[in-house]
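# Observations on the three-dimensional arrangement
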Amino acid sequence: MNENLKIHFIVDMDEQSSNFAPHLGVGYLSAFLKQKIPGIKISLSLMSDDLLKDINTINPDIVGFSCTSRYFLQFSSLAQEISAQFSIPIIWGGVHISIAPHELPVAASIGVLGEGELTVFELLENFNGSGFENIHSIQGIVFRNVGKLIVNEKRPYIENLDHVPKPDLDLLRVAWNRRNRAVMTTSRGCPYKCRVCASSTFWDRTRLFSAEYVVSEMRSLVEKYDVREILLFDDFFAINKQRVAKIIELKRTVPNLAKIRFECLSRVDSFSEEMAQLLKELGVYRISFGIESGCQKTLDYLKNKKVKLSQVVDAVSLAKRYGFQCVGSFVIGSPYETEVDIRETFDFINRLKLTSAQITIATPFPGTEMWEDGKKIGKVRDNQWSDEYYVLFGFDADLNFRELLKGKSLLTQIEPEIFLSLLEEAKNILLKVNISYKQKLRKIVRNLIINTGMGFVLSSKKHST
Ligand code: B12
Ligand code: SF4
């Protein structure tokens, strides 16, 4: 194998999303390849970069694409442009191609399905400078043979995740300026199957990095990058209490980790007093719950009857009792959901008094049960992703929904005008809930002052100085 290979990755993220949560998937691939092929050169472009110019300057042997469904069509056009200008093979990985291998664009040489580390390494071992040899026997890929798509046998997942080196953060161009904040994933996969989520389809089963690995990654984040806050972006970080307890125990032996604050994601139905205690001990200050809906009927649909509204209320109040900031995310516009159902969610959000909330419009991403439902009600075309299905993720104050929904095919069966007015209401609710935490604190102090008469003391003191 040519030890001086150059690989250039292009990921479907811009500076903003990358600063929020860098593309760890490509970070893992880079670290793995650098461990196996010491002379390899790996570079990365974000979508905001001048991509063709980057390829021209870097002149890589191989281009690696990584994208979710959201940017699949954009990346397909980019692949065409690249193949028209350069004769460099494109290897395509990530969630979308793994779930929809039959959509491999003609401009791409090979699609890597599922976990990428072992497959991409084997592909490089079989790279002859212009193409790949032995491709019929490489597990976990899709490619074209005389125009016909061939999907090879599936590659088994890596048994022991600790064999994967820590992600190559130097590659990911992270801006360490947001409170010196970093992102980690300490597992792969999720044992649940919510209707809106593709994670369990993509990962098949759940595997965990060991507590030792996790703490050593935390330690290197602190020592190498002066990180002070870590977002644990696992689908379900606290899935195994023993592991959390072990992480706490090992973390205590590293003085540098004593003051690190964490954020994590959790399910409401598995958030217990014991878990709250453990997360508090770990240093978690903020928990995000995928609440999804405040209407039991919709919740049954989205969470496959696994979650009750009472569990949401209990989890949020327990989390508040332990002093965690609570973030809740909700989905509106599922098929079968009525205007009344959505209003129930709005009331619920108002009652929960979360630190912040996020509402998204139901999107049928391939790999989710919602995609299958979209097919049943004739809202999505069989086996073909289209940008018509994606509307937006979060709501901004200045959004113009009428503009945004033009040309879009929504899953909701609610009249478009009514749905538009519901979106406006949702926006206002979010603006109210999401006033910054500092503003909320200021408000509490102000109320305290007014209600206790402290205001008089404070203001008279002010007059006297
Ligand atoms: C963290 C996260 C984010 C972060 C960071 C994104 C990122 N790309 O890393 C943020 C918040 C920015 C984000 C945004 C979005 N996300 Co997101 N996100 C995740 C999450 C929770 C973890 C991703 C992760 O770090 N995985 C761990 C690494 C190891 O896995 P990986 O990235 O898939 O990479 C491996 C393989 O895919 C493969 N591979 C990947 N790229 C390549 C490239 C090559 C060349 C090769 C060979 C192999 C390869 O090898 C890697 C190592 O094994 C996943 C759920 C999940 N558990 O996977 C959802 C998930 C990927 N996101 C999802 C969605 C829908 C989105 C958004 C579209 C939401 C939105 N805004 O509307 C955006 C898309 C924007 C974007 N550019 O990614 C969906 C994707 C579904 C789909 N069919 O596309 C997922 C699966 C969750 C879900 N609800 O179903 N997301
Ligand atoms: S939404 Fe969360 S809990 Fe549900 S399947 Fe996806 S990752 Fe798991």
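The shown structure was predicted, so the numbers you read here are calculated from the model rather than taken from an experiment.

Turning our eyes to something else, we now look at the confidence of the model for the protein. In the predicted model, the protein carries a mean pLDDT of 91, and 92% of its residues have values of at least 70. Below pLDDT 50 for its whole length, residues 453-465 participates in five contacts with residues either more than four positions away or in separate chains.

With respect to spatial proximity, 39 residues lie near ligand 1, and among them Gly-25, Gly-64, Ser-66, Gly-93 and Gly-116 are the closest. Of all the secondary-structure elements, those providing two or more residues to the shell around ligand 1 are α1 (15-20), α2 (24-36), β3 (62-66), β4 (90-93), α5 (95-99), α6 (117-125) and α7 (199-203). At five residues, the largest contribution of residues to the shell around ligand 1 is made by α2. Residue composition of the shell around ligand 1, grouped by class: 20 nonpolar, 14 polar and five charged. Counting the residues that make up the shell around ligand 1, at least three belong to each of domain 1 (6-151) and domain 2 (166-432).

Quick look at the sheet that holds β3 now. Taken in spatial order, the seven strands of this open sheet run β2-β1-β3-β4-β5-β6-β7, and their pairing is mixed. Looking at the sheet topology across the chains shown, the edges are occupied by β2 (41-45) and β7 (148-151). Shown here is a sheet whose adjacent strand axes are inclined to one another by a mean of 25 degrees, direction ignored. Bridge count for β4 against strand β5 (residues 110-112) is two bridges, and the pairing is parallel. Following the sheet pairing, Trp-92 is matched in β5 by Gly-111. Strands in contact with α6 are β4, β5 and β6 (141-145); relative to β5, the strand with the most contacts, it is inclined by about 150 degrees.

With that settled, consider the environment of Ser-356. Mapping Ser-356 onto the fold places it in strand β15 (residues 356-361). Its 18 C-beta neighbours within 10 Å are what place Ser-356 among the partly exposed residues. Taking the C-alpha atoms as reference points, Ser-356 and Gln-325, 31 residues apart in sequence, are found 8.4 Å from one another. Beyond its immediate chain neighbours, meaning those up to four positions away, Ser-356 contacts Val-327, Val-433 and Asn-434.

Where α2 meets α6, the axes come as close as 10 Å, and the angle between the chain directions of the two elements is 45 degrees. By the angle between their directions, the pair α2 and α6 is classed as oblique. The handedness of the crossing between α2 and α6 is right-handed. Across the interface between the two elements, Tyr-28, Leu-29, Phe-32, Leu-33 and Lys-36 of α2 pack against Glu-117, Val-120 and Phe-121 of α6. Split by residue class, the contact of α2 with α6 holds six nonpolar, no polar and two charged.

Moving on, we get to the pairing of β6. The sheet contact formed by β5 and β6 spans three bridges and is antiparallel. When the bridges of β6 are listed, Ile-110 appears paired with Phe-143. Of the strand pairs in this sheet, β6 and β7 are connected by four bridges, and their pairing is antiparallel. When the sheet's bridge partners are listed, Asn-145 is paired in β7 with Lys-148. In this structure, the hairpin formed by β6 and β7 is closed by a connection of two residues, where Val-146 is found at a positive phi of approximately 45 degrees.

We now examine the domain arrangement of the protein. As assigned here, the protein comprises domain 1 (6-151) and domain 2 (166-432). A C-alpha centroid distance of 27 Å is found between domain 1 and domain 2. At the junction of the two partners, domain 1 supplies 24 residues and domain 2 supplies 24 residues. Secondary-structure elements contributing two or more residues to the side of domain 1 that touches domain 2 are α1, α2, β2, α4 (72-85) and α5. Among the elements that line the side of domain 1 that touches domain 2, the one with the most residues is α2, at six residues. Of the residues in the side of domain 1 that touches domain 2, the class split is 12 nonpolar, nine polar and three charged.

Turning next to the environment of Asp-12. Assignment of secondary structure puts Asp-12 in the loop between β1 (6-11) and α1. On the neighbour-count criterion, Asp-12 (21 C-beta atoms within 10 Å) is buried. Each C-alpha atom of the pair Asp-12 and Tyr-71 lies 6.4 Å from the other, and the pair is 59 residues apart in sequence. When near neighbours in sequence (up to four residues on either side) are disregarded, Asp-12 contacts Met-47, Ser-66, Cys-67, Thr-68, Arg-70, Tyr-71 and Phe-75.

To continue, consider the site of ligand 2. Taken together, the neighbourhood of ligand 2 is formed by Cys-190, Tyr-192, Lys-193, Cys-194, Cys-197, Ser-199, Ser-200, Asp-235, Phe-236, Arg-267 and Gly-290. Residue classes in the shell around ligand 2 are distributed as five nonpolar, three polar and three charged.

Right, let's get into the nonpolar core. Generally speaking, soluble globular proteins have nonpolar side chains that are buried together. The biggest cluster of nonpolar side chains holds 73 residues, and the ones touching the most others in it are Met-218, Ile-230, Ala-319, Cys-326, Ile-332 and Ala-357. In terms of residue count, helix α8 (residues 211-225) provides more of this core than any other element does, six residues in total. Among all residues touching Cys-326, those that are not within four sequence positions of it are Ile-287, Phe-289, Val-316, Ala-319, Lys-320, Leu-354 and Thr-355. Judged by nonpolar contacts, the second largest core, of 45 residues, contains Ala-31, Leu-33, Cys-67 and Phe-72.

The rules we used
Residues numbered from 1 in each chain as written. Chains lettered and ligands numbered in written order. Predicted model: local features only at pLDDT ≥ 70, side-chain atom pairs only at ≥ 80, totals over all residues. pLDDT = per-residue confidence, 0-100. Contact = placed C-beta atoms within 7 Å. Near = placed C-beta within 6 Å. Helix = DSSP H or I, 4+ residues; strand = E, 2+ residues; numbered from the N terminus. Nonpolar A, V, L, I, M, F, W, Y, C, P; charged D, E, K, R; others polar. Domains from an automatic or database assignment. Pairing = 2+ DSSP bridges. Axes fitted to C-alpha atoms, helices over the stretch in contact; angles between N-to-C directions. Buried ≥ 20, exposed ≤ 12 C-beta atoms within 10 Å, placed from the backbone. Parallel < 35°, antiparallel > 145°, perpendicular 65-115°, else oblique. Left-handed = near helix turned anticlockwise from the far one by under 90°. Core = buried A, V, L, I, M, F, W, Y, C linked by C-beta atoms within 7 Å.

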